[in-house]
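Observations on the three-dimensional arrangement
Okay, here's what each chain looks like letter by letter:
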Amino acid sequence: MLKGRQLLISTYTLPGVLTMIGPTAPMRPLLLDSPHSGTDYPADFAPAVDRDTLLNAVDTAVDDLFGDGPKLGAALLKAHFPRTYIDPNRAADDIDARLIDGRWPSLLAPTEKTRRGIGLIRRTIGEDERALYDRRLGVGEVQARIRRYHAPYHRALGEAVDLLAAHFGTVYHLNCHSMSSRSRQGVLRRPDIILGDRDGTTCEAGFTSYAAEVLRGLGYRVRTNHIFKGVELVRAFSDPAADRHSLQIEINKALYIDEETRRPSPAYASLQADLAQLTDCLAAYAEERARGRTGMA
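This one's a predicted model, so the numbers in the text were calculated from it and none came from an experiment. (Residues numbered from 1 in each chain as written. Predicted model: local features only at pLDDT ≥ 70, side-chain atom pairs only at ≥ 80, totals over all residues. Heavy atoms only, no water.)

Okay, the pairing of strand 2 (residues 18-21) next. Pairing of strand 1 (residues 12-14) with strand 2 involves three bridges; the strand directions are antiparallel. Bridge pairing in strand 2 places Thr 13 opposite Thr 19. Between the end of strand 1 and the start of strand 2, which pair antiparallel, lie three residues, with Gly 16 showing a positive phi angle near 75°. Two elements, strand 2 and strand 4 (residues 75-79), share four bridges in a ladder whose sense is antiparallel. Residue pairing across strands places Ile 21 opposite Leu 76, the latter belonging to strand 4. (Pairing = 2+ DSSP bridges. Helix = DSSP H or I, 4+ residues; strand = E, 2+ residues; numbered from the N terminus.)

In this section: helix 5 (residues 205-217). In this model, helix 5 (13 residues) spans 18 Å end to end at C-alpha, consistent with the 18 Å of a helix rising 1.5 Å per residue. Burial in helix 5 covers these residues: Phe 207, Thr 208, Ala 211, Ala 212, Val 214 and Leu 215. End-on view of helix 5: buried residues confined to an arc of 160°, all on one side of the axis. The exposed residues of helix 5 that point more than 90 degrees off its buried face are Ala 205, Glu 213 and Gly 217. Following helix 5 by one or two positions, Gly 219 has its phi on the positive side, about 100°. (Expected span 1.5 Å × (residues − 1). Buried < 20%, exposed > 50% of the residue type's maximum accessible area, 1.4 Å probe, protein only. Arc of directions from axis to C-beta.)

What follows is about the packing of aromatic side chains. Counting across every chain of the model gives 11 aromatic pairs. Ring plane angle 85° and centroid distance 5.8 Å describe the contact between Tyr 172 and Tyr 285, whose orientation is recorded as edge-to-face. Here the residue Tyr 172 occupies a position in strand 9 (residues 171-179), and Tyr 285 occupies one in helix 7 (residues 268-294), the gap between them amounting to 113 residues. Judged by its relative accessible area of 8%, Tyr 285 falls in the buried class. (Phe/Tyr/Trp six-rings, centres within 6.5 Å; stacked < 30°, edge-to-face > 60°.)

Here Ile 9 is to be found in the segment before strand 1. Sequence separation of Ile 9 and Ile 21 is 12 residues, and the distance between their C-alpha atoms is 7.8 Å. Leaving out residues up to four positions away in the same chain, Ile 9 has contacts with Met 20, Gly 22, Pro 23, Met 27, Ala 75, Ala 160, Leu 163 and Leu 164. (Contact = heavy atoms within 4.5 Å.)

Counting residues in hydrophobic clusters, the biggest one holds 45 residues, and the most contacted among them are Ile 86, Ile 121 and Val 142. Elements with a contribution of two residues or more to this core: strand 2, helix 1 (51-55), strand 4 and helix 4 (139-168). For this core, the element with the most residues is helix 4, which contributes 12 residues. Beyond its immediate stretch of four places on either side in the chain, Ile 121 contacts Tyr 85, Ile 86, Leu 99, Tyr 133, Leu 137, Val 142 and Arg 145. Judged by nonpolar contacts, the second largest core, of 35 residues, contains Leu 32, Leu 65, Leu 247 and Tyr 256. (Core = buried A, V, L, I, M, F, W, Y, C linked by side-chain atoms within 4.5 Å.)

A word on the sheet that holds strand 9. Spatial ordering of the open sheet is given by 1-2-4-3-9-12-10-11, a layout of eight strands whose pairing is mixed. Looking along the sheet, the strands with just one partner apiece sit at the ends: strand 1 and strand 11 (222-224). Strand-to-strand twist across the sheet, computed as the mean angle between neighbouring axes with direction ignored, equals 15°. Of the pairings in the sheet, the one linking strand 3 (residues 30-34) to strand 9 comprises four bridges and is parallel in character. Directly across from Asp 33, in strand 9, lies its bridge partner Asn 175. Packing against the sheet, helix 4 makes contact with strand 1, strand 2, strand 3, strand 4, strand 9 and strand 12 (244-252), and its axis sits at approximately 170° to strand 3. Against the sheet, helix 5 makes contact with strand 3, strand 9, strand 10 (193-196), strand 11 and strand 12, and its axis sits at roughly 170° relative to strand 10, the strand it touches most. (Axes fitted to C-alpha atoms, helices over the stretch in contact; angles between N-to-C directions.)

Below, the discussion takes up the pattern of salt bridges. The full count for this structure, using the stated rule, is 19 salt bridges. Note that Glu 112 is salt-bridged to Arg 115, the shortest N-O span being 3.4 Å. One end of the pair is Glu 112 and the other is Arg 115, both in helix 3 (residues 112-115) and three residues apart, which spans about a single turn. For Glu 112, a relative accessible area of 47% translates into the label partly exposed. Measuring nitrogen to oxygen at the nearest pair gives 2.7 Å for the salt bridge that ties Asp 162 to Arg 244. Placement of Asp 162 in helix 4 and of Arg 244 in strand 12 is noted, with a sequence separation of 82 residues between them. Here the residues in one salt-bridge network are Arg 28, Asp 280 and Glu 287, joined through shared partners. (Salt bridge = Lys/Arg side-chain N within 4 Å of Asp/Glu carboxyl O.)

So, in structure tokens, the structure goes:
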């Protein structure tokens, strides 16, 4: 383990791709990331739907909701590119061959989400599952998206996880998202917050239960591993046996925006403050585990 508190995750930006915001307070073993809040649409995107439809797929303002993280000692990574262009929360081989014009040079591993049209490169968008493109995408075009956007995001997250693990002997990663307020059928209202650890496989049970406890204490209705369990980022960057823990959080959009206009609601600041409190509590939990693991005073 690295000694001292002088080591920090640096703040830097890859224009149009991502920003890593390093801690402005003493570093703590907590890392936040917001992979779906980006709205910088690349010039070569050329979707067959309008911008308003594209914006409905954004985790609106999630990066801002967790924006106090660096002041509390947690690094924050956020994507600038949209998930509709390429989704960093999918594996690089999670590709729908039906969308590709040409032969992909290696084996593909499409998941159920890809079969539904929402894999690494989306084929559909919206609850009516309309076609996102009026064309197929060339092999080189998709490879360029992976190289320029997906790979740098994964690299930035992986480097930060490695740094925190080396410094503290443990690392806790909170993967931050938002969800529409109702189910796909529009009938049932979803809980306020859903936590996902892929049925206990991506982080220790105590971290998940403590996050739920803090949120319930703040007055939120919380469920765990129901509907949303976590996808690629919590899977790829977790290894609980090696003290690397990842937890996904999904926040009901009705808590903080008008879902039709995507404008902040009067409750926005209150939710933001509550999430800062959650971040501080989780960082303290992570620090306690780091002390217990290493015997630090």
